[in-house]
Amino acid sequence: MPQTVHQKTSKSSLVKQTFASGLVVFLVALPLCLGIALASGAPPLSGIISGIVGGIIIGWLSTSHISVAGPAAGLVAIVLGAIMQLGSFELFLCAGIIAGVIQLILGVIRAGSITNYIPVAVIEGMLAGIGFLIIVKQLPYAIGTDKLLFKGTDSFINIHLGTLIITLLSMSIMLSWDHSAKLKKIKPLPSALIAVIVSVLLNNLFIALDSYLAVPENQLVHLPVLSSWQDLKDFVIFPDFNGFTHPSIWVTGGTIAIVASIETLLSIEAADRLDIKRRLTDSNQELRAQGVGNIISSLLGGLPITAVIVRSSAN
């Protein structure tokens, strides 16, 4: 049956909304993927790999309409400690595979229904905790310093004026964009995207003018540069399957599976509450999707994955 004009218009509108959303989530996810990888003591590309797997593989398998999966800040301490204990990232990847298999089993035995017994207060507490952690971790970057120290009588703070200007400008754009009547005609453009574009242009202007206001090099996001296929082989790290003979790796894998599953279930519960259409996610299918995603991510040299609320709320 031929499509009606209304159907074509609806699909066109949906594509535009989805593209805009995907672009904003990409801009939010990219620095988070790199930052979480660095904080975890893992290669930078491992964060990108897990972000790609979370977006494509888990996004395809999941029944959630708005949640986004990727490397999570909640697993940083576990991953960092495990890599230091095991001595290599290659061995740690075996723990990621184990975690994925356990999640897959949890989904098959329908353990996802545990979310039905979790109080709303737990979800709100988790979101508040994640938000507070992100604010604290990002505060030094917001004022342009890698040190924000107050201990006893010793204190150290070094505010970079250009970075602070960009921070305040970005916050002003995001807070005022959706409430301005003058911007009604262009409101479909996400405020986060506008903030990123304006901030990048402003910093490039500072750089072109050779101004001291330019954001310091160590405060910028750096992506691995691949000039050949050989470089790609050097950047991508694959699992050392001898790790499966280490009991500590099985313990680490089980720990990651439990923490990642709980964070995922709480995140999709929160994401469903954010969905204005009140669509519900199949939690058991989500666990299966996360399990498959973690297995693939670990086989390709990526970090463990969970559903994450920051990228989901941006979406």
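Residues numbered from 1 in each chain as written. Predicted model: local features only at pLDDT ≥ 70, side-chain atom pairs only at ≥ 80, totals over all residues. Heavy atoms only, no water.

Asks: Tell me about the overall build of the chain, residues and numbers included.
Replies: Scanning the chain from N- to C-terminus turns up eleven helices and four strands. A buried classification covers 40% of the 315 residues belonging to the chain. Accessible area of the chain: about 17,900 Å², with a carbon and sulfur share of 69%. (Helix = DSSP H or I, 4+ residues; strand = E, 2+ residues; numbered from the N terminus. Buried < 20%, exposed > 50% of the residue type's maximum accessible area, 1.4 Å probe, protein only. Areas by Shrake-Rupley, 256 points an atom, 1.4 Å probe, with all protein chains shown as cover.)

Asks: An account of the environment of Ala307 is requested, with residue identities and associated values reported.
Replies: Locating Ala307 in the fold gives a position in strand S4 (residues 306-308). Relative accessible area serves as the criterion here: at 1%, Ala307 is assigned to the buried category. Once you skip the residues sitting within four places of it in the chain, Ala307 turns out to touch Val68, Ala69, Glu263, Thr264, Ser267, Ile268, Glu286 and Gln290. (Contact = heavy atoms within 4.5 Å.)

Asks: Please give an account of the confidence of the model for the chain that cites residues and values.
Replies: Residues of the chain with pLDDT of at least 70 account for 84%, and the chain-wide mean is 82. Between the elements of the chain, mean pLDDT differs from a low of 54, seen in strand S2 (residues 148-151), to a high of 95, seen in helix H4 (residues 89-108). (pLDDT = per-residue confidence, 0-100.)

Asks: Go over unusual backbone geometry with me, naming the residues and quoting the values.
Replies: Here Arg110, not a glycine, exhibits a phi torsion of approximately 60°, which is positive. Its location among the elements puts Arg110 in the loop between H4 and helix H5 (120-143). The exposure class of Arg110 is exposed, given its relative accessible area of 51%. For Asp210, which is not a glycine, the phi torsion comes out positive at approximately 55°. Relative to the helices and strands, Asp210 is located in the loop between helix H7 (191-208) and helix H8 (229-235).

Asks: Got a sec to walk through H7? Specific residues and values, please.
Replies: With 18 residues, H7 ought to run about 26 Å at 1.5 Å a step, and its terminal C-alpha atoms sit 26 Å apart, in line with that. Taken together, the buried positions of H7 are Ser191, Ala192, Leu193, Ile194, Ala195, Ser199, Leu202, Asn203 and Phe206. Looking one or two places after H7, you find Asp210, whose phi comes out positive at around 55°. (Expected span 1.5 Å × (residues − 1).)

Asks: How would you explain the environment of Gln85 if you had to name every residue and give the values?
Replies: Structurally, Gln85 can be placed in helix H3 (residues 76-86). Here Gln85 falls in the exposed class, since its relative accessible area comes to 58%. With 164 residues separating them in the primary sequence, Gln85 and Ile249 have C-alpha atoms 9.7 Å apart.

Asks: Give me the pattern of salt bridges: which residues, what numbers.
Replies: In total, this model carries two salt bridges according to the counting rule given. Between Arg273 and Glu269 there is a salt bridge whose closest N-O contact spans 3.7 Å. Placement of both Arg273 and Glu269 in helix H9 (residues 247-274) is noted, with a separation of four residues, approximately one turn of the helix. On the basis of relative accessible area, Arg273 is assigned to the partly exposed category, the value being 42%. The exposure class assigned to Glu269 is partly exposed, which follows from its relative accessible area of 23%. Arg279 is the salt-bridge partner of Asp275, the closest N and O atoms lying 2.8 Å from each other. (Salt bridge = Lys/Arg side-chain N within 4 Å of Asp/Glu carboxyl O.)

Asks: Pulling in residues and values, what's your account of helix H6 (residues 161-177)?
Replies: Taking 1.5 Å as the rise per residue, H6 with 17 residues should run 24 Å; its terminal C-alpha atoms sit 24 Å apart, in good agreement. Restricting attention to buried positions, one finds in H6 the residues Gly162, Thr163, Ile166, Thr167, Ser170, Ile173 and Trp177. Relative to the axis of H6, the buried residues are bounded by an arc of 140° and lie together on one face. (Arc of directions from axis to C-beta.)

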